[in-house]
Every structure is written in C-alpha cells, then in structure tokens.
Amino acid sequence: MPADPFFHAIAIDEDICIGCSHCVKACPTEALRVWNGKATLDETKCVDCGDCYRVCPVKAIYVAEKKKQIISPTHWNVALVPAVFFGQFHYGKSRNSICDAI
Ligand code: SF4
Ligand code: SF4
C-alpha cells in the first residue's frame, strides 16, 4: 500500500482547540485555517516547521506518535540537524557520537 504523501508529524485535537487563531498567524505557509471555531490543517501546505505547536496556548496541537508511519522500512528517513544542536553538548562529545545517539 503506498504511503500517505502528506503525512505530517503534527496533529490538532479539536476537542481542545478554542479557535483563537494564534496558530494561523504563526504558520509561514498558510496551512492553517479556523473553520467553525476549530483549527484545520491543509496537509498540502504544511512543512512541519512546528511554529503552530509552539504558539498554541492550550496545547491543542501535538506531535503525532504514529511511529509505524514515521519509521517505516519502506522509506528513507532523513533528519536535518542544525549545526547549533551539536554546540549544546559538553566539550569532548564528538560529532559522530552525537549523530550515533540520534
Ligand atoms: S507545522 Fe508549520 S507549516 Fe505546518 S501547520 Fe504548523 S506552522 Fe504551518
Ligand atoms: S492556536 Fe491552538 S487553540 Fe488556537 S486555533 Fe490554533 S490549535 Fe486552536
């Protein structure tokens, strides 16, 4: 069965969403809209940046833990690690050991 081409790490819990639109204003790709008082996601526009997750005041946006979809033996999984990530570890930790841990 082909994988969902628009699978995203974030999801919205409509039971918690209060329709405040903070996420809509924060989204850089205009992937979010509020319809009938609830945030909705246009999966064709979302780039999984996480900005909406950070600004939601009631934690209605969460990271979906569908690990079978994220870690699939039929797909290549790529992690783009920013350079500053390595700088937060104590001196003496090699770049390779941090990459191995990831
Ligand atoms: S993860 Fe980023 S691109 Fe996707 S809906 Fe949230 S703010 Fe928009
Ligand atoms: S920021 Fe949170 S509560 Fe506000 S509209 Fe978006 S998902 Fe709903």
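The rules we used
Residues numbered from 1 in each chain as written. Chains lettered and ligands numbered in written order. Predicted model: local features only at pLDDT ≥ 70, side-chain atom pairs only at ≥ 80, totals over all residues. Heavy atoms only, no water. Phe/Tyr/Trp six-rings, centres within 6.5 Å; stacked < 30°, edge-to-face > 60°. Lys NZ or Arg CZ within 6 Å of the ring centre and 35° of its normal. Near = heavy atom within 4 Å. Nonpolar A, V, L, I, M, F, W, Y, C, P; charged D, E, K, R; others polar. Core = buried A, V, L, I, M, F, W, Y, C linked by side-chain atoms within 4.5 Å. Buried < 20%, exposed > 50% of the residue type's maximum accessible area, 1.4 Å probe, protein only. Contact = heavy atoms within 4.5 Å. Salt bridge = Lys/Arg side-chain N within 4 Å of Asp/Glu carboxyl O. Helix = DSSP H or I, 4+ residues; strand = E, 2+ residues; numbered from the N terminus.

A. Representation of the packing of aromatic side chains. Counted by the stated rule, this structure contains zero aromatic pairs. The ring centre of phenylalanine 86 lies 4.4 Å from the NZ or CZ of arginine 95, which sits over that ring.

B. Looking closely at the site of ligand 1. As a structural note, the neighbourhood of ligand 1 is formed by 14 residues, with Cys27, Cys46, Cys49, Gly50 and Cys52 the closest of them. Considering only residue class, the shell around ligand 1 consists of 10 nonpolar, two polar and two charged.

C. Looking closely at the nonpolar core. Counting residues in hydrophobic clusters, the biggest one holds 13 residues, and the most contacted among them are Ile10, Ile12, Cys23, Leu32, Ala39, Cys52 and Ile61. With near-sequence residues (within four places) excluded, leucine 32 lies in contact with Ile12, Cys23, Val24, Cys27, Thr40, Leu41 and Cys52.

D. Structural context of the pattern of salt bridges. On inspection of all chains with the given rule, the structure shows one salt bridge. Between aspartate 51 and arginine 54 there is a salt bridge whose closest N-O contact spans 2.3 Å. In this pair, aspartate 51 and arginine 54 both sit in helix H2 (residues 51–55), three residues apart, roughly one turn of the helix. Arginine 54 gets classed as exposed once you look at its relative accessible area, which sits at 55%.

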